[in-house]
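Residue strings, one per chain:
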Amino acid sequence: MPNQRHSYFYPTRIEYGPGVVQELPSMVKETGFSKGLLVTDQGLESVGIPEKIRQLFEESGLVLVTFNEVKSNPTCTNVYDGTTLYKESGAQFIVALGGGSPMDVGKTIKVMATHDGSLEQYDDALGGDKLIQNNMPPFYAIPTTAGTGSEVGRSSVITVKATNKKTIIFSPFMLPDIAILDPELTVGLPLGLTAATGVDAFVHNLEAYWVDAFHPFADGIAIKGMSLCYNNLEKAVENGQDISARGHMLMGSSMGATAFQKGLGVNHSIAHALGVYYDVHHGLANAALLIATTQYNMEDENAWNRLASIGHVFGVKNDAEAILESLVHWLKRLNLPTDLKSFQINPNDLEKIEQYALSDPTCPTNSRKVQKDDIIQILEGLV
Ligand SMILES: [Fe+2]
């Protein structure tokens with residue numbers, strides 16, 4: 001609230017534009033370093049994007065050693081393998097290329113290459129953030145999807161294999177030094193994935209805006225980010241080559257991740273649980289839950305009023321019901337699920353899913369205070 005103490009952090013340097021990735025080698029050269037580690041995955045390798053980046057660096061007299069073993073749910077093994085390659089190759093900087101997973105692994109390699117011990121000791125839940133010093137190599141993030149916004153984020157999520165626990169590593173020093181937002185790199189993203197990742201970006205903005213906290217910076221960014229996603233995702237899905245729509249989605253994605261330092265909500269809490277127990281794609285989970293969680297939040301008067309005040313984003317009057325209706329039609333037009341029927345959720349697991357969601361760090365900031373059994377009730381209407 002306005003009479004309380006707050007800290008706000010604003011993001012990394014962003015270089016935006018079609019083709020802007022070509023300028024990255026000259027930006028890196030300014031540091032005086034010549035050898036870096038490229039962190040990416042096999043999927044991108046198979047469509048040739050990492051090779052283009054390696055060539056760009058080579059043409060500028062710089063060397064990129066590649067670690068392309070990042071898994072879609074990255075593990076500590078990925079981080080340790082990448083860290084070993086970073087150290088043994090004598091790399092001096094890191095370039096992460098891809099969706100959220102290569103970004104998360106790249107950020108964590110940056111920590112592990114400069115800090116002793118095991119990854120677990122840097123677990124944010126155990127106060128590990130306090131152990132992370134500002135002695136890390138330069139880090140450049142090149143997203144090839146518009147969804148997670150991880151290129152402007154200060155944390156990573158890595159699964160520790162021994163415990164199968166998703167561990168959050170967090171530090172302001174993990175923020176990339178430069179985020180390269182080049183919409184040309186996202187035109188190859190399949191249209192189904194474009195829709196699923198794009199709705200994640202939209203929900204980051206919506207849930208961040210909806211958090212009842214005093215954060216006018218984040219609110220402004222979230223409202224504009226929501227508008228960019230709502231007005232451009234269909235265009236990007238209809239025509240993957242639409243650079244304008246792709247560019248707006250990249251911006252909407254970075255804005256969502258910038259805004260959600262304010263917090264997220266129960267849609268993400270449940271989506272995280274469904275990712276852990278059923279491996280449901282994060283974007284699809286967000287889409288499938290969105291209508292039900294919006295209806296749930298709208299039962300709270302403050303939350304209803306807060307949502308109602310942004311009718312202009314959706315081109316409707318300031319009425320939460322009208323906004324909800326817009327969302328239903330939007331998801332249908334995007335061919336995204338609005339329930340969980342296709343994910344075959346076992347009704348016996350609802351309690352377990354609720355328990356995970358209630359303990360997720362996104363739950364306490366939901367726009368309506370979430371009580372025990374609320375999540376089970378939401379899920380019962382969807383499975
Ligand atoms: Fe998300």
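The structure displayed is predicted, hence computed values, not measured ones.

### A few points about the sheet that holds strand 2 (residues 35-39)
And step 1. With parallel pairing, the 6 strands of this open sheet are ordered in space as 1-8-5-4-2-3. What marks the edges here is a single partner per strand, and that holds for strand 1 (13-16) and strand 3 (63-67). The average angle at which neighbouring strand axes cross in this sheet is 20°, direction not considered.
And step 2. Where helix 5 (residues 100-112) meets the sheet, it contacts strand 2, strand 3, strand 4 (93-98) and strand 5 (139-143), and its direction lies at approximately 165° from that of strand 4.

### Focus on the coordination of the iron ion
And step 1. Only Asp-200 (OD), His-204 (NE2), His-268 (NE2) and His-282 (NE2) from the protein reach the iron ion as donors, at distances of 2.1 to 2.2 Å.
And step 2. Each donor residue of the iron ion belongs to the same chain, with the gaps between them written as D-x3-H-x63-H-x13-H. Of this pair, His-204 sits in helix 6 (residues 191-210) while His-282 sits in helix 10 (residues 282-298); the two residues are 78 residues apart in sequence, bridging distant segments of the chain.
And step 3. The class for His-204 is buried, based on a relative accessible area of 4%.
And step 4. Judged by relative accessible area, which is 26%, His-282 ranks as partly exposed.

### Remarks on the packing of helix 10 against helix 13 (residues 320-333)
And step 1. The N-to-C vectors of helix 10 and helix 13 enclose an angle of 170°; their axes lie 10 Å apart at closest approach. Judged by the inter-axis angle, helix 10 sits roughly antiparallel to helix 13. For the pair formed by helix 10 and helix 13, the contact residues are Ala-287, Leu-290, Ile-291, Thr-294, Gln-295 and Met-298 on the first element and Ala-320, Glu-321, Leu-324, Leu-327, Val-328 and Leu-331 on the second.

### Here's the deal with unusual backbone geometry
And step 1. Of note, the phi angle at Asp-279 is positive, near 55°, even though the residue is not glycine.
And step 2. By the element assignment, Asp-279 lies in the loop between helix 9 (266-278) and helix 10.
And step 3. Given a relative accessible area of 56%, Asp-279 falls into the exposed group.
And step 4. The backbone of Asn-335 shows a phi angle near 60°, a positive value even though the residue is not glycine.
And step 5. Overall, the relative accessible area of 70% leaves Asn-335 in the exposed class.

Rules and cut-offs
Residues numbered from 1 in each chain as written. Predicted model: local features only at pLDDT ≥ 70, side-chain atom pairs only at ≥ 80, totals over all residues. Heavy atoms only, no water. Pairing = 2+ DSSP bridges. Helix = DSSP H or I, 4+ residues; strand = E, 2+ residues; numbered from the N terminus. Axes fitted to C-alpha atoms, helices over the stretch in contact; angles between N-to-C directions. Contact = heavy atoms within 4.5 Å. Donors = N, O, S within 2.8 Å, 3.2 Å for Na, K, Ca; no water. Buried < 20%, exposed > 50% of the residue type's maximum accessible area, 1.4 Å probe, protein only. Parallel < 35°, antiparallel > 145°, perpendicular 65-115°, else oblique.

Shape is all these values report; function is a separate question.
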